[in-house]
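Tertiary structure, described
Single-letter residue listing:
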Amino acid sequence: GQNIDQPTEMTATEGAIVQINCTYQTSGFNGLFWYQQHAGEAPTFLSYNVLDGLEEKGRFSSFLSRSKGYSYLLLKELQMKDSASYLCAVRDNDYKLSFGAGTTVTVRA
Amino acid sequence: DAGITQSPRHKVTETGTPVTLRCHQTENHRYMYWYRQDPGHGLRLIHYSYGVKDTDKGEVSDGYSVSRSKTEDFLLTLESATSSQTSVYFCAVAGTSGTDTQYFGPGTRLTVL
């Protein structure tokens, strides 16, 4: 089975940096994904890590440590439009995704 | 948006009635998935398909069935809806192999009274 944990809520100020942690315990591992989901909308793909290290994509970066079962999503230069839920998902060896419950990030002016 | 539509977008029904949700894609993706999303649980996989007439169960498949008679359509049926099936249902697609990123449709909000 899969157990994926991430904080429920985080609040940060516009222009600041926020780090969302995700820890996982899974029966198989074939990559870790981060999705963004605005209220009432579909999840949209942000990043993918399968090897250890940092992947950078503009203001967003994602880090993976497979030995520690740990990932984080780093959001820099926060904007109001970044207020959303961020979903951590682990792909198993059968290529199915298991999701954490999501972290709601609120950006304040 | 990976060319995904879901219908209906909203539905209210009564306990015990059958309900079918449709996912339609226009980009010939091989893999299709049905998830439900509930507060505190995140997205949970109901069923998935890896080709026409090839389907398999996910984590929360009880009370649901699926069919895929052509590449572009993946149907989710609740044979006899219950209040516990009130949820938001998302369809997702992935490319020619299971290693591809999954992209999500707009979702269907289902309320069972």
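Scroll up a little and you will see the structure.
To start, this report covers the structure provided alongside it.

The rules behind the values
- Residues numbered from 1 in each chain as written.
- Chains lettered and ligands numbered in written order.
- Predicted model: local features only at pLDDT ≥ 70, side-chain atom pairs only at ≥ 80, totals over all residues.
- Heavy atoms only, no water.
- Core = buried A, V, L, I, M, F, W, Y, C linked by side-chain atoms within 4.5 Å.
- Buried < 20%, exposed > 50% of the residue type's maximum accessible area, 1.4 Å probe, protein only.
- Helix = DSSP H or I, 4+ residues; strand = E, 2+ residues; numbered from the N terminus.
- Contact = heavy atoms within 4.5 Å.
- Buried area = accessible area lost by both parts, 1.4 Å probe.
- Salt bridge = Lys/Arg side-chain N within 4 Å of Asp/Glu carboxyl O.
- Polar contact = N/O pair within 3.5 Å; in protein donor to acceptor, adjacent residues only side chain to side chain.
- Nonpolar A, V, L, I, M, F, W, Y, C, P; charged D, E, K, R; others polar.
- Pairing = 2+ DSSP bridges.
- Axes fitted to C-alpha atoms, helices over the stretch in contact; angles between N-to-C directions.
- 1 Å grid on protein atoms, 1.4 Å probe; cavity = no way out; pocket = protein on both sides within 12 Å on 5 of 7 lines; lining within 4 Å.
- Points joined across faces, edges and corners; volume = space filled by probe spheres on them.

Quick notes on the nonpolar core
Generally speaking, nonpolar side chains in soluble globular proteins are found buried as a group. All names here are of chain A. Among the nonpolar cores identified, the biggest contains 20 residues, and Ile 20, Leu 32, Trp 34, Leu 73, Leu 75 and Tyr 86 are the most heavily contacted of them. Mapped onto this core, the elements with two or more residues apiece are β3 (18–26), β4 (32–37), β7 (60–65), β8 (70–75), β9 (84–91) and β11 (103–108). When residues no more than four places from it in sequence are discounted, the contact partners of Leu 75 are Ala 16, Ile 17, Val 18, Ile 20, Arg 59, Phe 60 and Tyr 86.

Brief notes about the interface of chain B and chain A
Each side of the interface is counted separately: chain B has 19 residues, and chain A has 15 residues. Carbon and sulfur atoms supply 60% of the area buried between chain B and chain A, which totals about 1,400 Å² over both sides. Across the contact surface, chain B and chain A share 0 salt bridges. Here chain B is connected to chain A by 2 residue pairs in polar contact (both at pLDDT 80 or more). The element best represented in the side of chain B that touches chain A is strand β5 (residues 42–51) of chain B, accounting for 4 residues. Within the side of chain B that touches chain A, the residues separate by chemical class into 9 nonpolar, 9 polar and 1 charged.

Some words on the sheet that holds strand β3 (residues 19–25) of chain B
Residues and elements named next belong to chain B. With antiparallel pairing, 4 strands are arranged side by side in an open sheet as β1-β3-β8-β7. The sheet is open, and its two edges are formed by β1 (4–7) and β7 (64–70), each paired on a single side. Taken pair by pair, the neighbouring strands of this sheet meet at an average axis angle of 20 degrees, ignoring direction. Both β3 and strand β8 (residues 73–78) contribute to a ladder of 6 bridges, which runs antiparallel. Residue pairing for β8: Val 19 is matched across the bridge by Leu 78.

What about the environment of Pro 7 of chain A?
Residue and element names in this part refer to chain A. Along the chain, Pro 7 falls in the loop between β1 (2–5) and β2 (9–13). For the pair formed by Pro 7 and Val 105, sequence separation is 98 residues and the distance between their alpha carbons is 9.9 Å. Contact partners of Pro 7, with chain neighbours within four places excluded, come to Ile 20, Asn 21, Gly 102 and Thr 103.

Considering the layout of surface pockets
Counted as a void, the largest pocket has a volume near 580 Å³. Those elements giving two or more residues to the lining of the largest pocket turn out to be β9 of chain A together with β4 (31–38), β9 (87–94) and β11 (108–112) of chain B. The greatest single-element share of the lining of the largest pocket, amounting to 3 residues, is contributed by β9 of chain A. In terms of residue class, the lining of the largest pocket is made up of 9 nonpolar, 14 polar and 4 charged.

Regarding the sheet that holds β7 of chain A
One key point about sheets: their strands pair by backbone hydrogen bonds, in either a parallel or an antiparallel sense. All names here are of chain A. Pairing within the open sheet is antiparallel, and its 5 strands lie in the order β1-β3-β8-β7-β6. At either margin of the open sheet sits one strand with a lone partner, and together these are β1 and β6 (53–57). In this sheet, neighbouring strand axes are inclined to one another by 15 degrees on average, regardless of whether the strands run parallel or antiparallel. Pairing between β6 and β7: 5 bridges, direction antiparallel. The residue bridging Glu 55 from the neighbouring strand is Ser 62, located in β7.

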